[in-house]
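This is what each chain is made of:
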Amino acid sequence: MEPITRRVEEITLRRWEDFLSSLSKRFGPLSGKVVFEGIPDVSLRDVGGLRSAKREVESLVLSLRRPDLYRRWGTKPIKGVLFYGPPATGKTLLAKALAREAGAIFFHLRMRGIALKWSMETGDLFQELFTAIRGNEGVVLYLDELEALAFERTFGPEEARGTSRRAINALLESLEGLDAHERAMVLASTSQPDAVDPALIGPGRFDRLIEVPLPDGEEKQEILEIQQRKAEALAGRPLFKALDYDAITARTAKMSGGDLHEIVQRTLEEKARLEGSAHDPGLVETHDLLRVIEEYRKIKEVVEKIRYGQYL
Ligand SMILES: Nc1ncnc2c1ncn2[C@@H]1O[C@H](COP(=O)(O)OP(=O)(O)OP(=O)(O)O)[C@@H](O)[C@H]1O
Ligand SMILES: [Mg+2]
């Protein structure tokens, strides 16, 4: 990066950190609910598979970079986008890559429990954030687990339902109030699209829906290759032998990119442990991964049974 660009970026970062600290003075600790990440270090090259979602993200990059082009053609740039699909398929990854490719900074907002935490003030918090992102600087607001807003409305205690409704209204007002020429975009994600409040979807709201599905065989290979490339870059040396991807994908039915990531990490941890106990671990081979996959499948089943209540 050019030194001047880096200096500009440092000033920008400091200004946003000041903003966040003023926010926490007013709203109390933001602890894990509002996280500022600067310009993310994830690019579209780090996202495997998801060809159609990536194509859409590319066009959104342009919308965020050059909203003026849309005005020139008598239309409006996209402001609200919803990524939907099973857990750990790369929704957050795509959102971050979009911000990076557009040179935009990234605010990660976790919606779960947000209306309970801030009660009546949740709407004010949204308004503050939206006011702050106005201007000519590229900003992405990422609302994770969007369904949580509606979920609390439906099943939460009475008070939470009211505040959730108010939070949704404030969010919609802010979203509709975003000017077409501003370099700001609101991305949201959900793994339970049927639980998202219908009021949030529609023109001027979250009007671009992007599916982020589980990977097929070829896409799994791409994701595994990305995980390998990253581990090898970190280690600064080759770590893997040529792998038999057909054998691996045959044993990973219904698994997500997140599962594959976990499997590669566990395999590498095992190698580190072997080396620690004075064994020669050798490079990672197909059979190492297959062994970890079998263990992982058992754990994943238990976790899913607990999560989805199949023990009941
Ligand atoms: N398509 C993919 N390409 C590369 N890596 C992936 C992909 N999908 C998932 N991963 C890996 O899994 C991790 C989790 O993915 P991510 O957080 O983007 O999933 P998500 O869809 O946002 O999940 P959730 O619904 O739980 O929020 C990533 O950090 C990455 O390591
Ligand atoms: Mg996520």
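Conventions we followed
Residues numbered from 1 in each chain as written. Chains lettered and ligands numbered in written order. Predicted model: local features only at pLDDT ≥ 70, side-chain atom pairs only at ≥ 80, totals over all residues. Helix = DSSP H or I, 4+ residues; strand = E, 2+ residues; numbered from the N terminus. Rg over C-alpha atoms; globule rule 2.2 N^0.38 Å. Buried ≥ 20, exposed ≤ 12 C-beta atoms within 10 Å, placed from the backbone. Contact = placed C-beta atoms within 7 Å. Pairing = 2+ DSSP bridges. Domains from an automatic or database assignment. Nonpolar A, V, L, I, M, F, W, Y, C, P; charged D, E, K, R; others polar. Near = placed C-beta within 6 Å. Axes fitted to C-alpha atoms, helices over the stretch in contact; angles between N-to-C directions. Core = buried A, V, L, I, M, F, W, Y, C linked by C-beta atoms within 7 Å. Left-handed = near helix turned anticlockwise from the far one by under 90°.

Peer 1: Help me understand the overall build of the protein chain in this model?
Peer 2: When its secondary structure is counted, the protein chain shows 12 helices and 6 strands. Against the compact-globule benchmark of 20 Å for 312 residues, the protein chain has a radius of gyration of 21 Å, which places it among compact chains. Judged by the C-alpha coordinates and their principal axes, the protein chain covers about 60 × 55 × 40 Å. A burial count over the protein chain gives 34% of its 312 residues as buried. In the protein chain, the proportion of contacts linking residues at least 24 apart, taken out of those at least 6 apart, comes to 82%.

Peer 1: Where do I start with the pairing of strand β3 (residues 105-110) in this structure?
Peer 2: A regular strand places its side chains on the two faces of the sheet in alternate fashion. The pairing of strand β1 (residues 34-36) with β3 spans 3 bridges and is antiparallel. Counted as the bridge partner of Val-34 is Leu-109 from β3. Here β3 runs beside strand β4 (residues 139-144); their pairing, made up of 6 bridges, is parallel. Pairing of Ile-105 across the sheet is with Val-139, part of β4.

Peer 1: I'm lost on the domain arrangement of the protein chain in this one. Help?
Peer 2: Where interface size is quoted, it is often the accessible area lost as the parts come together. Entries for the protein chain in the domain assignment read domain 1 (3-211) and domain 2 (217-308). Computed from C-alpha coordinates alone, the two centres of domain 1 and domain 2 are separated by 32 Å. Counting from both sides, the interface comprises 8 residues of domain 1 and, opposite them, 8 residues of domain 2. Residue composition of the side of domain 1 that touches domain 2, grouped by class: 3 nonpolar, 4 polar and 1 charged.

Peer 1: I would appreciate a short explanation of the pairing of β4 in the present structure.
Peer 2: With respect to burial, β4 is a largely interior element, 6 of its 6 residues being buried. The side-chain alternation of β4 yields two buried faces, one formed by Val-139, Leu-141 and Leu-143 and the other by Val-140, Tyr-142 and Asp-144.

Peer 1: Honestly, the site of ligand 1 in this entry has me stumped. Any pointers?
Peer 2: Residues in contact with ligand 1 amount to 18 residues; listed here are only the nearest, Gly-90, Lys-91, Thr-92, Leu-93 and Gly-257. Contributing elements (two or more residues each) for the shell around ligand 1: α4 (91-101), α9 (217-235) and α11 (257-276). Classifying every residue of the shell around ligand 1 by side-chain character gives 7 nonpolar, 10 polar and 1 charged. Built from parts of two domains, the shell around ligand 1 gets at least three residues from each of domain 1 (3-211) and domain 2 (217-308).

Peer 1: Is there a simple way to explain the sheet that holds strand β2 (residues 80-84) in this structure?
Peer 2: Note: strands within a sheet are paired through backbone hydrogen bonds, in either parallel or antiparallel orientation. Read across the open sheet, the 6 strands follow the order β1-β3-β4-β5-β2-β6; overall the sheet is mixed. Each edge of the sheet is formed by a strand with only one pairing partner; in this case those strands are β1 and β6 (208-211). Ignoring strand direction, the axes of neighbouring strands in this sheet form an average angle of 20 degrees.

Peer 1: Would you take a moment to explain the nonpolar core for this structure?
Peer 2: The nonpolar side chains of soluble globular proteins are, as a tendency, buried together. By size, the foremost hydrophobic cluster in this structure holds 55 residues, and its most contacted members are Phe-83, Leu-94, Leu-98, Val-140, Leu-141, Tyr-142 and Leu-187. At 6 residues, α4 tops the list of elements feeding residues into this core. When neighbours within four sequence positions are excluded, Phe-83 is seen to be in contact with Lys-91, Leu-94, Ala-95, Leu-187, Ser-189, Ile-210 and Val-212. One finds Ile-223, Met-255, Leu-260 and Val-264 within the second-largest nonpolar core, a separate group that totals 13 residues.

Peer 1: Before we go on, may I ask you to explain unusual backbone geometry in this structure?
Peer 2: Here Ala-88, not a glycine, exhibits a phi torsion of approximately 60 degrees, which is positive. Considering the arrangement of structural elements, one finds Ala-88 in the loop between β2 and α4. Ala-88 sits in the partly exposed class, given 18 other C-beta atoms within 10 Å. Positive phi, normally seen in glycine, also occurs at Ala-278, with a value near 60 degrees. Position of Ala-278 relative to the elements: it lies in the loop between α11 and α12 (286-308).

Peer 1: Would you mind showing me how to read the packing of helix α2 (residues 51-65) against α4 here?
Peer 2: Between two packed helices, the angle of one axis relative to the other and the distance separating the axes together describe the packing. Running from N to C, α2 and α4 cross one another at 35 degrees; their axes reach a closest spacing of 9 Å. For the crossing formed where α2 meets α4, the hand is right-handed. Across the interface between the two elements, Ala-53, Val-57, Leu-60 and Val-61 of α2 pack against Leu-94, Ala-97, Leu-98 and Glu-101 of α4. For the contact of α2 with α4, the class distribution of residues is 7 nonpolar, no polar and 1 charged.

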